[in-house]
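# Report on the structure
Chain by chain, the residues run as shown.
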Amino acid sequence: METAQGQQQATPGAVTAFARFVLCGGGVGLASSFAVAALASWIPWALANALITVVSTLLATELHARFTFGAGGRATWRQHVQSAGSAAAAYTATCVAMLVLHQLAAEPGALLQQVVYLSASALAGVARFAVLRLVVFARRRSQAAADTRPVRLAVGRPSTPAGSEVLCYAA
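Below is a summary of the structure that appears in this document. Given the structure is predicted, the values throughout are model-derived calculations rather than measurements.

### Some words on the packing of aromatic side chains
One pass over the structure, following the stated rule, counts five aromatic pairs. Seen from their ring centres, Phe-18 and Phe-21 are 6.4 Å apart, and the 25° between their planes marks the pair as stacked. Taken together, the residues span about one helical turn, with Phe-18 and Phe-21 both in helix H2 (residues 14-39) at a distance of three residues. For Phe-21, a relative accessible area of 9% translates into the label buried. By relative accessible area, which is 32% here, Phe-18 ends up partly exposed. What links up through ring pairs into an aromatic cluster is the set Phe-18, Phe-21, Phe-69, Phe-129 and Phe-137. Over the aromatic face of Phe-67 sits the side chain of Arg-20, whose NZ or CZ is 4.7 Å from the ring centroid.

### Here's the deal with the packing of helix H4 (residues 77-104) against helix H5 (residues 110-136)
For any two helices packed against each other, one specifies the inter-axial angle together with the distance between the axes. Relative orientation of the contacting elements H4 and H5 amounts to 155°, with a least axis distance of 9 Å. Relative to H5, H4 is oriented roughly antiparallel. H4 and H5 meet at a crossing whose hand is right-handed. Residues of the contact of H4 with H5, tallied by class, amount to 15 nonpolar, eight polar and two charged.

### Structural notes on the packing of H2 against H5
Packing of H2 against H5 leaves a shortest axis separation of 11 Å and a crossing angle of 120°. Between H2 and H5, the angle falls in the class oblique. H5 is crossed by H2, and the crossing has right-handed handedness. Contacts from Ala-14, Ala-17, Phe-18 and Phe-21 of H2 reach H5 at Gly-125, Val-126, Arg-128, Phe-129, Leu-132 and Arg-133. In terms of residue class, the contact of H2 with H5 is made up of seven nonpolar, one polar and two charged.

### Some remarks on the side chain of His-80
Position of His-80 among the secondary structure elements: in helix H4. For His-80, a relative accessible area of 11% translates into the label buried. Polar contacts involving the side chain of His-80 include one to the side chain of Glu-62, which spans 2.9 Å. Apart from residues no more than four positions distant in its own chain, His-80 is found in contact with Leu-58, Thr-61, Glu-62 and Ala-75.

Conventions adopted
- Residues numbered from 1 in each chain as written.
- Predicted model: local features only at pLDDT ≥ 70, side-chain atom pairs only at ≥ 80, totals over all residues.
- Heavy atoms only, no water.
- Phe/Tyr/Trp six-rings, centres within 6.5 Å; stacked < 30°, edge-to-face > 60°.
- Helix = DSSP H or I, 4+ residues; strand = E, 2+ residues; numbered from the N terminus.
- Buried < 20%, exposed > 50% of the residue type's maximum accessible area, 1.4 Å probe, protein only.
- Lys NZ or Arg CZ within 6 Å of the ring centre and 35° of its normal.
- Axes fitted to C-alpha atoms, helices over the stretch in contact; angles between N-to-C directions.
- Parallel < 35°, antiparallel > 145°, perpendicular 65-115°, else oblique.
- Left-handed = near helix turned anticlockwise from the far one by under 90°.
- Nonpolar A, V, L, I, M, F, W, Y, C, P; charged D, E, K, R; others polar.
- Contact = heavy atoms within 4.5 Å.
- Polar contact = N/O pair within 3.5 Å; in protein donor to acceptor, adjacent residues only side chain to side chain.

Written as structure tokens, this is what we have:
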């Protein structure tokens, strides 16, 4: 019983989960940017970016499972795949935003490029948070909530088998 209550208390609210999401995702993102730069000195940048993206997505998903969304355990393969899908969608959104910018402005300045990229990244991040919270890690939260429901025992009922009409009614 204490475990179920501990899981219920460990499930953070939306604001706390979002703050943890920004902290974990931002920390992994910052570390990834340095890792890509370092690795790109030895291998082509595109390959370095791809490798670091895979590793950072795996790491962030584990952090989100254990810390951000209060699941208290390791992420499943299903959660890793769904998280990778949401990361790919966020990556696509930022690429499209930059493509649109370059279509609208022949030579956008560095400041405008940063504003567009960071804005698109922030919007994609909010959408990714919603997907992770409501879809990817929702099953564990709903399971933890189901585990904390009180069990009702039938005391004093006769132990004779019920007819099919009673069984159907009880269902």
